[in-house]
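Observations on the three-dimensional arrangement
Residues per chain are reported as follows:
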Amino acid sequence: MFAGTMRRMRQVLFVTGGAVLAVTVIVGLFALNQANQEQLELTSRLQSRSQVLADSLAESIEPSYNTKATSTVQRVIDRFVSSERLAGLGVFDNSGIAVAVSEDIPLPEDARFITDVMDSDEPQGAFVRRDGETYYTFVLPLHENERVVGALAVVQNATYIDESIGTIWRDNLIRLLFQVIVFAGAIFVLVRWVFHRSISKMVKSLQSVRKGEKSDTVSGSSFFEPLAGEISKVTKSLHQARHSASEEARMRLEKIDSPWTAERLKEFIKAYLKDRPIFVLSNGEPYVNAKVKNKIEWRVPAGGVVTAIEPVMEACGGTWIAYGSGDADKETADAEGKLKVPPDEPKYTLKRVWLTPQEVKGYYNGFSNDALWPLCHMAHVRPQFRKEDWLEYRKVNGLFAKTFLEEVRHVERPIVLVQDYHLALVPALIKKSRPDAQVAMFWHIPWPSAAQFNICPWRKELLEGMLGADLIGFHTQQYCNNFMDTVANEVESRIDLEHFSVFHDDHQTFAKPFPVSIAYPGSAEATEGPDPDVLENLGIRSKNLLLGVDRLDYIKGIPERFRGLEFLLDAYPQYRGKVTLLQIASPTRGSLDKYGEYANLVAAETERINGKFGTREWKPIVLERRSYSHAELRDLYQLADVCLVTSLHDGMNLVAKEFAAARGDEAGVLVLSQFAGASRDLKGALLINPYSAEETSAALHTALTMPKTEQHKRMKMMRTSVRDYNIYRWSAELIKTLSQLG
Ligand code: ADQ
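It should be emphasised that the depicted structure is a prediction, and the values quoted were computed from it without experimental measurement. Per-chain numbering applies: the sequence of each chain, read as written, is numbered from 1 onward. The predicted origin of the model limits local features to residues at a pLDDT of at least 70 and limits the giving and counting of side-chain atom pairs to 80 or more, whereas totals for whole chains, interfaces and linings rest on all residues. Note: side-chain values were computed over all heavy atoms of the structure, leaving out hydrogens and water.

1. What about the overall build of the chain?
Secondary structure counts use DSSP, requiring at least four H or I residues in a row for a helix and at least two E residues in a row for a strand, with both numbered from the N terminus. Per the secondary structure count, the chain includes 23 helices and 23 strands. As defined in this context, the radius of gyration uses C-alpha atoms, and a globule is described by 2.2 Å times the residue total to the power 0.38. Over its C-alpha atoms the chain spans a radius of gyration of 44 Å, topping by over 25% the 27 Å that the globule rule assigns to 742 residues. The principal-axis extents of the C-alpha atoms in the chain amount to approximately 150 × 65 × 50 Å. Buried residues in the chain amount to 51% of all 742 residues. In this description, contact between two residues means that some pair of their heavy atoms is separated by no more than 4.5 Å. Within the chain, residue pairs in contact and separated by at least 24 positions form 70% of the contacts whose partners lie at least 6 positions apart. Each residue gets one of three labels from its accessible area relative to the maximum for its type: buried under 20%, exposed over 50%, partly exposed in between, using a 1.4 Å probe on protein chains only.

Structural data, given as C-alpha cells:
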C-alpha cells in the first residue's frame, strides 16, 4: 500500500518536473532572444552615435591636423571629451602613433587595430573591457587630399549595454520563478487530484465490475465521464459475451465430445450441485506468503496437487483448507486464517491451518514423507515407521477434520475433496460427525502392491480412515486394483469387484480411476512464442536442448536421466558439443536427510559428467536448482527438442502433460518413464525403463533424429489426449460420480 502511494507520488512529481522543465526551457529561450535583440539595438545605436561624433570631430580636427598643430588638436580633444562626456578621444598619425590623446584612453589591446583601420580606410568599432567597465572604441581614418594620413578614435562608455542585458535576464528569471511556482502547483493539483483520483476511481470501479461485485456501469469523475461511459459499454458487451459463453457451456454440458473448459465446469457444477459449496482439504496450500527483504510476497509452490486443483477452485469457487507454511501466512490472513485468492483476482477462499514445528516434524516430514511416500513409491528407499510420527499424523488429521467440520456447521450435505496421502484418516473422521457429507478422497501417488503396503504397522488404521470416503480416486486402474487387494487382505469387509466398491462398517466406498491432468486449454497454451534470450541467459548455445523439470525428489530419477545422457555421449560422440540437458530442479522437503543427500548426488553427478565431457564453451548438463514460474517453464517447454521424464515411479507426472500442452507447434519429443502414470495416457511418447541408461540413450538418439512428420504425429496424439481429458473434465467426472452416489 505504502509502496503504491510512493510510486504514484513519484509519477506525479515526474509529470510536474517535466512540465517545469518545459516552461524553464521556453522562458529561457525567450529571454535569450530578448537579450540578443536588446544588445543588437543598443550596440547599433552606440555605433551610429559614435560615427556621427567622429565625423563632426574629424571636420574640426582635419584642418589643424594638416598644419600639424598638435596643441590645437589636443585642445579640441579635451574640449570634446568634457562636453560630450566621452571616455576618451585620440588622434594618431599614419603609423598609429598618438598625436594627441585624452587622458587614460581605453584602447583595444591589439595596437594594430588602428593601423588596420587606416590600411582598410574603413571606420571600425571594437569593445574593450577595462577595470570592470566596457568601452566602445570607434576609429575613423583621417584624410588629406583623399589620402589617409591618420586616424581618430572615439571611445564611449558602453557599460550600460551590459547592465541593460543583465536587467533583462534578472527580470526574466524572476518571472520564470513565479511562473514555475504557479505552473508546478497547478499541474501538481491537476495530476494528483483530478487525473489521478479520477483514474484510480475508474480503475476501482472497473475492477469491481470485472469481479462481478457490482453492475456493469463503470463510474469516473465528471472529467472522465465520456471515457467511463465507453468503458461501461465495453464491460456490458463483455458481460453479455460471458453470459452467452456460459449459456453455450450449459448447452454443451451433455455433449461428451466437446472440450471441457473452466466455463463448462462452472456450469456443470451449478447444474449438478446447485448451490452446494465445494471444500478441498490438502496439506499444501496454493499460495504461500513469505517475507523477502522485509516485503511480503506470494508464490505458487511447485507441486502436482496445486497444479491440478488450483484451476478447479478458480472455476468453481469454494473453500480450500490447507496448512499455512509461509512465514508471512499469518500476517496476510484474517483472524480465522482466511484470505481470498488468487491474490491478483480473488475467486475462492483459502483457509489456513496452523501447525506447530513438532506437528510438522512428525506428521509431514516424518509419517507422510519418510514413511508413506517411500512406502507407496517403488524407488528402493526404505520407509521409516516411527511411533511418534504416527501419533502426530493422527493428531494433525484430527485437526484438519475438526477445521472442516467447523466450517460446514451450517452447510447441508457439504461436498469435500480430500487430497492425498497426508490426510488418509480424514474421511472417516468427517463421516463419523457428518454422515451427510459427501466425501471423495484423491490419492495422487501410486498405490503399491498389497504385499508392499503390508509392511506398514498402521496399515489397518490408514485403510479404515480412507474407507470413510464415499469415493476414492486413483490415477490408474492398476492402483485401484492394488488398493482393493490391500483392503481385502487387511480389513474385514465385503468387496464388490463388479462395481469396484468395498462394504465396511455399513458404509460403501467406491474406488475408481480418474487420471489427473492440467488446465488445457488455458494458461498452458502459449499465445506468443518463447523468449529467445532464455537459453542465452543460461549460457546454453547447443544445437539441441534436452529438458528436465522436477522437484528434487528421489522418485524422479534425475541421476538415472544423467546417466542416460552420459551413455549417449559415449555411444554417439557426434552429440558432444551439440546437446545440452537443462535440468530445472526445485528444492523440496529440505529438512529430510534423504532429500539433502539426493540434492548432493544430483549436483555431484552433474559435475562428474560435465567434467568428463565438458569443454570451455560447452557443458552437457546445466543444473538450475530453483523453482520456475509456469510462464518460464512454458518458454522452456517450447524451446526443448526433447523433454525427459524418467521417474522411477510416479503417480501420474504432470510435467509430461504440460510439455505436450505447450507445444502448439506440434514439434518436440517426450521421452517418458514406463513407471509414470502418464505413460498410460500419452501414447505418443517414447517409453523407457529409466533404470537402463542404454534404453534412455537409445530413446534420446531416436528423439534427436526423429523426422518432423513423425514428431507431429506423436505430439498431436498427446495433445489430443491432454485436451480431451483435462483437469476440468477430471474434476467434473470426480464430482459427478461422487454426487450420484447418494
Ligand atoms: P509431483 O510429484 O509434485 O505431484 P508432478 O505431477 O510432475 O509431480 O507435478 C509437478 C508440478 O510442479 C508441475 O506442475 C511442474 O510444472 C511443477 N514443477 C516441477 N518442478 C518445478 C520447478 N523446478 N519449478 C517450478 N515448477 C515445478 C504429485 C505426484 C504426481 C502427480 C501429481 C498430481 O507425485 O505423480 O502427477 O501429484 O496428482
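Now that the structure is up, let's keep going.
2. Here's the deal with the site of the ligand
In the vicinity of the ligand lie 29 residues, with Thr-307, His-444, Arg-551, Asp-650 and Glu-658 positioned nearest. Note that an oxygen atom of the ligand is positioned 2.8 Å from one of the side-chain N or O atoms of Arg-551. Contact between the ligand and Met-652: an oxygen atom at 2.8 Å from a main-chain N or O atom of the residue. Protein contacts shield 97% of the accessible area of the ligand, which totals 710 Å² for the unbound molecule. Among the elements of the structure, α7 (304–316), β18 (544–551), β19 (579–586), α18 (630–639) and α19 (654–662) are those that each provide at least two residues to the shell around the ligand. A single heavy atom is enough: if one lies within 4 Å of a molecule or strand, its residue is considered near that molecule or strand. Counting of polar contacts relies on pairs of N or O atoms within 3.5 Å, with two restrictions inside protein: one atom must be capable of donating a hydrogen and the other of accepting it, and residues adjacent in sequence are counted only when both atoms are side-chain atoms. In this description, accessible areas are obtained by the Shrake-Rupley approach with a 1.4 Å probe, and a residue is regarded as covered only by the protein chains that are shown.

3. Here we look at α18
Looking at α18, one finds that the buried residues are Leu-633, Asp-635, Leu-636, Tyr-637 and Gln-638. Its buried side turned inward, α18 meets α15 (533–537), β18, β19 and α19.

4. Thoughts on the domain arrangement of the chain
What fixes the domain bounds is an automatic or database domain assignment. Entries for the chain in the domain assignment read domain 1 (38–163), domain 2 (216–258), domain 3 (278–354 + 398–513) and domain 4 (534–724). With centres defined by C-alpha atoms, the gap from domain 1 to domain 4 works out at 95 Å.

5. With respect to the environment of Val-516
Relative to the helices and strands, Val-516 resides in the loop between β17 (507–513) and α15. When the C-alpha positions of Val-516 and Thr-696 are compared, they lie 26 Å apart, and in sequence the two are 180 residues distant. In this view, Val-516 contacts Ala-308, Phe-442, His-475, Met-652, Leu-654, Lys-657, Ile-727 and Trp-730; residues no more than four positions away in its chain are not counted.

6. Notes on the sheet that holds strand β3 (residues 124–130)
Two strands are said to pair when DSSP picks up at least two bridges between them. The strand order across the open sheet formed by five strands is β2-β1-β5-β4-β3, and the pairing between neighbours is antiparallel. Unpaired on one side and paired on the other, β2 (98–101) and β3 mark the two borders of the sheet. The average undirected angle you get between the axes of adjacent strands in this sheet is 20 degrees. In this sheet, β2 lies alongside strand β1 (residues 88–93) in antiparallel orientation, the contact comprising three bridges. The residue of β2 that forms the bridge with Gly-90 is Val-101. Simply put, an axis is a line fit to the C-alpha atoms, just over the touching stretch for a helix, and the angle between two N-to-C directions goes from 0 to 180 degrees.

7. Some details on the pattern of salt bridges
Whenever Lys or Arg places a side-chain nitrogen within 4 Å of a carboxyl oxygen from Asp or Glu, that contact is recorded as a salt bridge. Across all of its chains, the model carries 40 salt bridges by this definition. One salt bridge connects Arg-129 with Asp-162, and the closest N-O pair in it is separated by 3.3 Å. You can see Arg-129 sitting in strand β3 and its partner Asp-162 sitting in helix α4 (residues 159–210), a full 33 residues away along the chain. Two residues, Asp-329 and Arg-352, come together in a salt bridge whose shortest N-O distance is 3.1 Å.

8. Some points on the packing of helix α16 (residues 558–571) against helix α17 (residues 593–613)
As a packed pair, α16 and α17 sit with axes 9 Å apart at the nearest point and diverge in direction by 10 degrees. One element, α16, and the other, α17, form an angle in the roughly parallel class. Contacts from Ile-558, Pro-559, Phe-562, Arg-563, Glu-566, Leu-569 and Asp-570 of α16 reach α17 at Tyr-598, Leu-601, Val-602, Glu-605, Thr-606, Arg-608, Ile-609, Lys-612 and Phe-613. The classification used treats Ala, Val, Leu, Ile, Met, Phe, Trp, Tyr, Cys and Pro as nonpolar, Asp, Glu, Lys and Arg as charged, and all other residues, Gly among them, as polar. The residue inventory of the contact of α16 with α17, partitioned by class, reads nine nonpolar, one polar and six charged. Orientation labels follow simple angle bins: below 35 degrees gives roughly parallel, above 145 gives roughly antiparallel, 65 to 115 gives roughly perpendicular, and whatever is left gives oblique.

9. Let's talk about unusual backbone geometry
Residue Val-341 is joined to Pro-342 through a cis peptide bond whose omega torsion reads -5 degrees. Locating Pro-342 in the fold gives a position in the loop between β10 (338–341) and β11 (348–353). With a phi close to 70 degrees, Asn-294 is a non-glycine residue in the positive phi region. Among the secondary structure elements, Asn-294 is positioned in the loop between β7 (288–292) and β8 (295–299). The class of Asn-294 is exposed, set by a relative accessible area of 76%. Even without being a glycine, Phe-500 presents a positive backbone phi close to 55 degrees.

10. Comments concerning the sheet that holds strand β23 (residues 686–688)
As summarised here, the arrangement of the six strands in space is β20-β19-β18-β21-β22-β23, forming an open sheet in which the pairing is parallel. The sheet terminates laterally at β20 (621–624) and β23, the two strands that pair on one side only. Averaged over all adjacent pairs, the angle separating strand axes in this sheet is 20 degrees, with direction ignored. Looking at chain direction, strand β21 (residues 642–645) and strand β22 (residues 669–673) are connected through four bridges and run parallel. Each bridged residue has a counterpart across the sheet, and for Val-642 the counterpart in β22 is Val-669.

11. Points about the pairing of β7
Here β7 pairs with β8 via five bridges, running antiparallel. Directly across from Val-292, in β8, lies its bridge partner Lys-295. Between the antiparallel neighbours β7 and β8 lie two residues, among them Lys-293 with a positive phi of about 50 degrees.

12. Digging into the packing of helix α13 (residues 459–466) against helix α14 (residues 477–490)
With their axes 10 Å apart at the nearest point, α13 and α14 run at an angle of 120 degrees to one another. Put simply, α13 runs oblique to α14. The handedness of the crossing between α13 and α14 is left-handed. Every residue of α14 that contacts α13 at Arg-459, Lys-460, Leu-463 and Met-466 is listed here: Phe-483, Thr-486, Val-487 and Glu-490. Among the residues forming the contact of α13 with α14, the class breakdown is four nonpolar, one polar and three charged. Note on convention: near helix rotated counterclockwise from far helix by under a right angle means a left-handed crossing. Clockwise means right-handed.

13. Digging into the side chain of Ser-282
Along the chain, Ser-282 falls in strand β6 (residues 278–282). At 2.6 Å, the side chain of Ser-282 and the backbone oxygen of Gly-284 are in polar contact. When near neighbours in sequence (up to four residues on either side) are disregarded, Ser-282 contacts Trp-320, Ile-321, Ala-322, Tyr-323, Phe-400, Gln-419 and Leu-423.

14. Some details on the packing of aromatic side chains
Each Phe, Tyr or Trp ring (for Trp, its six-membered ring) is paired with any other whose centre lies within 6.5 Å, and the angle between the two planes then decides the class: stacked below 30 degrees, edge-to-face above 60, tilted in between. By the definition in use, this model includes 25 aromatic pairs. Between the aromatic rings of Trp-447 and Phe-483, the centroid separation amounts to 5.0 Å while the plane-to-plane angle is 85 degrees, which identifies the pairing as edge-to-face. Of the two residues, Trp-447 sits in the loop between β13 (438–442) and α12 (450–453) while Phe-483 sits in helix α14, which places them 36 residues apart along the sequence. Residue classification places Trp-447 among the buried residues on the basis of a relative accessible area of 1%. You can call Phe-483 buried: its relative accessible area is 1%. Taken together through their ring pairs, the aromatic side chains of Trp-373, Tyr-421, Trp-443, Trp-447, Phe-453, Phe-474 and Phe-483 make up a single cluster. The residue whose ring lies beneath Arg-589 is Trp-373, and the NZ or CZ to ring-centre distance is 4.1 Å. As a reminder, the over-ring test applies to NZ of lysine and CZ of arginine, requiring each to be within 6 Å of the ring centre and within 35 degrees of the ring normal.

15. Points about α17
In this model α17 runs 30 Å from its N-terminal to its C-terminal C-alpha over 21 residues, within 8% of the 30 Å that 1.5 Å per residue would give. Listed in full, the buried residues belonging to α17 are Tyr-595, Tyr-598, Ala-599, Val-602, Glu-605, Thr-606, Ile-609, Asn-610 and Phe-613. An end-on view of α17 places all buried positions within 125 degrees of arc, on one side of the element. Facing away from the buried surface of α17 by more than 90 degrees, the exposed residues are Asp-593, Glu-597, Asn-600, Glu-607 and Gly-611. Here the expected length of a helix is defined as 1.5 Å per residue gap, with one fewer gap than residues. This arc is built from the directions going out from the helix axis to the C-beta atoms.

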